[in-house]
There are 6 protein chains.
Amino acid sequence: AYSTKDESAARPVGRYPVPNKKDMPYDIVELMEEVEMKTGFLPNVFKAMSHRPAEFRAFFAYYNAIMNKDTGRLSKADKELIIVATSVVNRCPYCVVAHGALHRIYSKQPALADQVIVNWKLADLSDRDLAMLEFALAVCRADNITEEHFQKLERHGFDREDAWDIGMISAFFAMSNRIAHYIDLRPNKEFYTMGRMP
Amino acid sequence: AYSTKDESAARPVGRYPVPNKKDMPYDIVELMEEVEMKTGFLPNVFKAMSHRPAEFRAFFAYYNAIMNKDTGRLSKADKELIIVATSVVNRCPYCVVAHGALHRIYSKQPALADQVIVNWKLADLSDRDLAMLEFALAVCRADNITEEHFQKLERHGFDREDAWDIGMISAFFAMSNRIAHYIDLRPNKEFYTMGRMP
Amino acid sequence: AYSTKDESAARPVGRYPVPNKKDMPYDIVELMEEVEMKTGFLPNVFKAMSHRPAEFRAFFAYYNAIMNKDTGRLSKADKELIIVATSVVNRCPYCVVAHGALHRIYSKQPALADQVIVNWKLADLSDRDLAMLEFALAVCRADNITEEHFQKLERHGFDREDAWDIGMISAFFAMSNRIAHYIDLRPNKEFYTMGRMP
Amino acid sequence: AYSTKDESAARPVGRYPVPNKKDMPYDIVELMEEVEMKTGFLPNVFKAMSHRPAEFRAFFAYYNAIMNKDTGRLSKADKELIIVATSVVNRCPYCVVAHGALHRIYSKQPALADQVIVNWKLADLSDRDLAMLEFALAVCRADNITEEHFQKLERHGFDREDAWDIGMISAFFAMSNRIAHYIDLRPNKEFYTMGRMP
Amino acid sequence: AYSTKDESAARPVGRYPVPNKKDMPYDIVELMEEVEMKTGFLPNVFKAMSHRPAEFRAFFAYYNAIMNKDTGRLSKADKELIIVATSVVNRCPYCVVAHGALHRIYSKQPALADQVIVNWKLADLSDRDLAMLEFALAVCRADNITEEHFQKLERHGFDREDAWDIGMISAFFAMSNRIAHYIDLRPNKEFYTMGRMP
Amino acid sequence: AYSTKDESAARPVGRYPVPNKKDMPYDIVELMEEVEMKTGFLPNVFKAMSHRPAEFRAFFAYYNAIMNKDTGRLSKADKELIIVATSVVNRCPYCVVAHGALHRIYSKQPALADQVIVNWKLADLSDRDLAMLEFALAVCRADNITEEHFQKLERHGFDREDAWDIGMISAFFAMSNRIAHYIDLRPNKEFYTMGRMP
């Protein structure tokens, strides 16, 4: 590992070595197997992060706390749309491709993520979704966030707890995009075609 | 709470309400008391994040995994310098002021953080420290990270595990800076003067 | 027409009215029917441009002169890749989606255009293709083009006639992207899924 | 040719070779002679484009369709002003100098183009002309063009057909500026002084 | 001199040689001694500028005309705040550190300059002070200054003579910041700690 | 005055009132008359600055110290070229037009300033002049100025005293451009045509 050159048959998931399963802590193996069962394959982010077990645990605990919480007005498709729109700004191949796929699955709209990737303001989005992305992108750019930002969200039915959720997902993926860049994390092939056909 | 207008005697720590200690989960209270004991006061980030206990736990577990690990070549002062240099890019009042103070404490150099805040390339830094900040800032800007980036670090004695450490701190604070913006998190007064006098 | 609001069942192809076939000049109808026959549907750019017959003729004569010429080292897939990479810079929904589809068809690589859309420098491209896109993007940004640009191309086997071809395609789509923006031209649905499956 | 170094007595018109008249197709020679007769000299763009006869024909057919049409509210001076204002953004020596000269000729205002070149918003322009340039520059930057853009034009008497005309000229010169950059096209000396004296 | 490398015990004040006092014109020595008496040490800008006596005289005469005039609504602290906020934009170590210190002295607010350095819009400033800095920063960026800029100032009690004062200080330090960059002017150590403690 | 609206027959020289000659201090009247005698008309900057006599004196003393000094390798034409190239960056109508005219007069090259205004890197300049402008523009942008900047100048025959001269002119006009913006200073009509004809 530590290299991105051997892009042969088995392109590595990134720049850092991935330990053998038998050398991984049990809780990490367990989580990986659960995800692989559910998804049908193991997304590369799990392999790449297993290089650092303590950070693996913190990363996925955080991910779980914000992506799998039951409260708030954000649907699973909303959350994936936020990730796609903000990860495009950071030109992150893994996050755009993987979460574009998840958006297609959850939203059942096969073209919307592709539209958002090119030009979110011209995508076929409701005013509510545009307001959601506008807030997410302001956080993504590390803009000063003012009362007007919150009021604009409120006009589209998002309260301040929803604002926190939108902001936190944008902030978490500001981190993830940057980790993916230095790890040189690349998407699994499966993501490119998932959810494209009705 | 939810407001930044009542900046009276007791300026709130941010835009979201902070629960009363008696309503907080016990593990959060315990961590807060430990930090307050050690620091002499409770940094506002603990108060602000307690609004969301699950995210509080994930955030500080992550912080702990990267800031308090024993391995690698980054000193405590190095880590704080990375935080200062990258948080300035995102114009984050809390992170620049609080971690500028921590840098003064750990480095015993009372003027260096102030120099880095204005213009890191002109600060009185060694070539090693400049290389460290250059990598951290490339991650901060979400640049594509190439083999050249790693080789440049290696010329100054940082191996790829150190590169991960630098990158992860930069990435984690890319997240923290953005959270601080939507929370409107402000530094405790104590930070402004800590470590200024020899 | 003149509106983008009625996005009902039959979303208009753009902001300007499209004449009825019976009111169109015969040569335009003829070209449209030929294209529809070949492609299986009529790409929206033909409908939108028919609003101005003289400009329709000039636009497609120009397109034909540069895209369907037999000389030079650019394959059909190369040309589509240039269009995708430069149209992303201008955030042009029509050109990115339509020419991404054409790239998948000509290159038989179903994921490459998606990679270029997110981050061309990290896409699975040969050094030759990277050099080709680097020149195309310099023209796209209206950079000063110097001898070094040409020499870099030459090192990857492109002579100065190829450079003209790359530059002209980039320049022509600099125009097309901007026309698409004021027309509010949107891609036909068929483009999103074309060429995705092997 | 292929070089910009021999800037001796007879600086070449650009980086690509210009064929001898006797080797040029007859229609191209004919157009050149007509232009030279009318203008008093042959603008370099004709020489440079003759390197590619098919593209020469398409380029000037397009130019003719948009610059010499009789309909719409744009005067000849308006069109030249749009070209000057947008070509400055792309720092195109040929287009700024040549069309600055044509603007002086058509408008009979010897200083206005020079003002627009430095700072169009501070130039001695009517509100109508400022609105025209604002739209042209939005197209030039490849901004998303919204209903507000059209409404702003309407408030100054431009309908949507005029908007198309403004947008198309801006888009066509977005192409021309980029061609001029890779050709290294330079203005004929005559243009610098044309129309400066009343 | 002419070097920034010998950063030993006695770091030079900049890149250019400083003449010995005995070789300086008498009026320059006199001004230096007066300043040193008043401040307790001689700020490096006096040493650095003495390399060019005629420019020294013009620079400090100008400085004196705008910083020490008695008319207008700008307090000494206001003027220093303008210098801090604009010099941060130009990343000027000398001006930010020296005038941050002077601001602390005049305003008796030990934290405000530090806040403005990180993010002036989030600093604990009155609406009046925000309006003052907004105008100063528009001048700093060389924005076109319109009637709206003046009217905004008027709503906060600044008339057009005050606008001139704000603009002139911003413009003068646009010059000073750039001189400091090519001279490599660095702040005296004393400035870092001045005025920090109540 | 205080207005830019009455652009009638006698467009004011700027936004601030110009005192009557009889109310001006004698030394200012004297300087104005001397300049008017020499130039044939009174450049508007003299009128505009007379609104503030103390600043008038400091401004022109400074201007004189750097523009009319006898030492160094910069010719009068060199100095005007620096002013033109840097004032274009700040889009300053007065400085570009007035100093473009002075450059034509001193250099006897009627087209060169116009070329520099559009694209200095493509202008017909010697390598020496390009190096001079490159340094001036680095200062103009408030870049960090490093040893490499000085060494590059040295390779073209400029020593460090010349570097100071180039830097100081660039810095002084960084100030002048910004003053011109808030004063809304406009060029005298005479400047547009001066020196255009051989």
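Residues numbered from 1 in each chain as written. Chains lettered and ligands numbered in written order. Predicted model: local features only at pLDDT ≥ 70, side-chain atom pairs only at ≥ 80, totals over all residues. Heavy atoms only, no water.

As recorded in an unreviewed UniProt entry, chain A goes by the name Carboxymuconolactone decarboxylase-like domain-containing protein, listed as coming from Nipponia nippon.

*Asks:* I'd like to hear about the interface of chain B and chain A, residue by residue, with values.
*Replies:* Residue-level contacts link 47 residues of chain B with 47 residues of chain A. Together chain B and chain A conceal approximately 4,100 Å² of surface at their shared face, both sides included; 60% is due to carbon and sulfur atoms. The largest contributions to the chain B side of the interface with chain A come from Trp 164, Arg 178 and Tyr 182 of chain B, which together make up 20% of the buried area. In this assembly, chain B and chain A are joined by six salt bridges. The partner of Arg 52 of chain A in a salt bridge is Glu 161 of chain B, with the nearest N and O atoms 3.1 Å apart. Here chain B and chain A share 30 residue pairs in polar contact (both at pLDDT 80 or more) between them. (Contact = heavy atoms within 4.5 Å. Buried area = accessible area lost by both parts, 1.4 Å probe. Salt bridge = Lys/Arg side-chain N within 4 Å of Asp/Glu carboxyl O. Polar contact = N/O pair within 3.5 Å; in protein donor to acceptor, adjacent residues only side chain to side chain.)

*Asks:* Mind laying out the packing of helix α4 (residues 76-89) of chain C against helix α9 (residues 160-183) of chain C, listing which residues take part and the relevant values?
*Replies:* Residues and elements named next belong to chain C. Interaxial distance between α4 and α9 falls to 9 Å at its minimum, and their mutual angle equals 45 degrees. When the axes of α4 and α9 are compared, the pair comes out oblique. In this structure, α4 meets α9 at a crossing whose hand is right-handed. Across from Lys 79, Ile 82, Ile 83, Thr 86 and Ser 87 in α4, the residues of α9 making contact are Ile 166, Ile 169, Ser 170, Phe 173 and Asn 177. (Axes fitted to C-alpha atoms, helices over the stretch in contact; angles between N-to-C directions. Helix = DSSP H or I, 4+ residues; strand = E, 2+ residues; numbered from the N terminus. Parallel < 35°, antiparallel > 145°, perpendicular 65-115°, else oblique. Left-handed = near helix turned anticlockwise from the far one by under 90°.)

*Asks:* Let's hear about the side chain of Ser 87 of chain A: which residues, and what values?
*Replies:* All names here are of chain A. Along the polypeptide, Ser 87 turns up in helix α4 (residues 76-89). With a relative accessible area of 0%, Ser 87 lands in the buried category. Engagement of the side chain of Ser 87 in a polar contact is seen with the side chain of Asn 177, the distance being 3.0 Å. Excluding its chain neighbours within four sequence positions, the residues that come into contact with Ser 87 are Cys 92, Cys 95, Val 96, Phe 173 and Asn 177. (Buried < 20%, exposed > 50% of the residue type's maximum accessible area, 1.4 Å probe, protein only.)

*Asks:* Got a sec to walk through the interface of chain F and chain D? Specific residues and values, please.
*Replies:* The interface is formed by 21 residues belonging to chain F together with 21 residues belonging to chain D. When chain F packs against chain D, the two sides together hide about 1,800 Å² of surface, and 62% of this comes from carbon and sulfur. It is Val 118, Leu 122 and Tyr 192 of chain F in chain F that bury the most area against chain D; as a group they hold 30% of the surface buried on that side. For the pair chain F and chain D, the number of links is four salt bridges.

*Asks:* I'd love a proper account of unusual backbone geometry, names of residues and values included.
*Replies:* One non-glycine residue, Lys 108 of chain A, lies in positive phi territory at about 60 degrees. Among the structural elements, Lys 108 of chain A can be located in the loop between α5 (93-107) and α6 (112-119). Backbone geometry places Arg 91 of chain E, a non-glycine residue, at a positive phi of 50 degrees. Locating Arg 91 of chain E in the fold gives a position in the loop between α4 (76-89) and α5 (93-107). For Arg 91 of chain E, a relative accessible area of 28% corresponds to the partly exposed category.

*Asks:* Break down the arrangement of the chains for me, with residues and values.
*Replies:* Contact between chain B and chain D is absent, and the minimum C-alpha spacing across the pair is 24 Å. You won't find any contact between chain C and chain E; their C-alpha atoms come no closer than 24 Å.

*Asks:* I'd like a rundown of the relation of the copies chain B and chain A, residues and numbers included.
*Replies:* When chain B is brought onto chain A, the operation consists of a screw motion whose angular component is 180 degrees and whose axial shift is 0.0 Å, with 0.0 Å RMSD remaining. These values place the two chain copies in the arrangement generated by a two-fold rotation axis. Measuring from the rotation axis to each C-alpha of chain B, the shortest distance belongs to Met 175 of chain B, at 2.6 Å. By residue overlap, the copies meet face to face through one surface: 100% of the interface positions of chain B are interface positions in chain A. (Least-squares fit on C-alpha atoms with pLDDT ≥ 70 in both.)

*Asks:* Describe the relation of the copies chain F and chain D, with residues and values.
*Replies:* For the pair chain F and chain D, the relating rotation is 180 degrees, the translation along its axis is 0.0 Å, and the fit reaches an RMSD of 0.0 Å. Interface residue correspondence from chain F to chain D reaches 100%, placing this contact among same-surface, isologous pairings.

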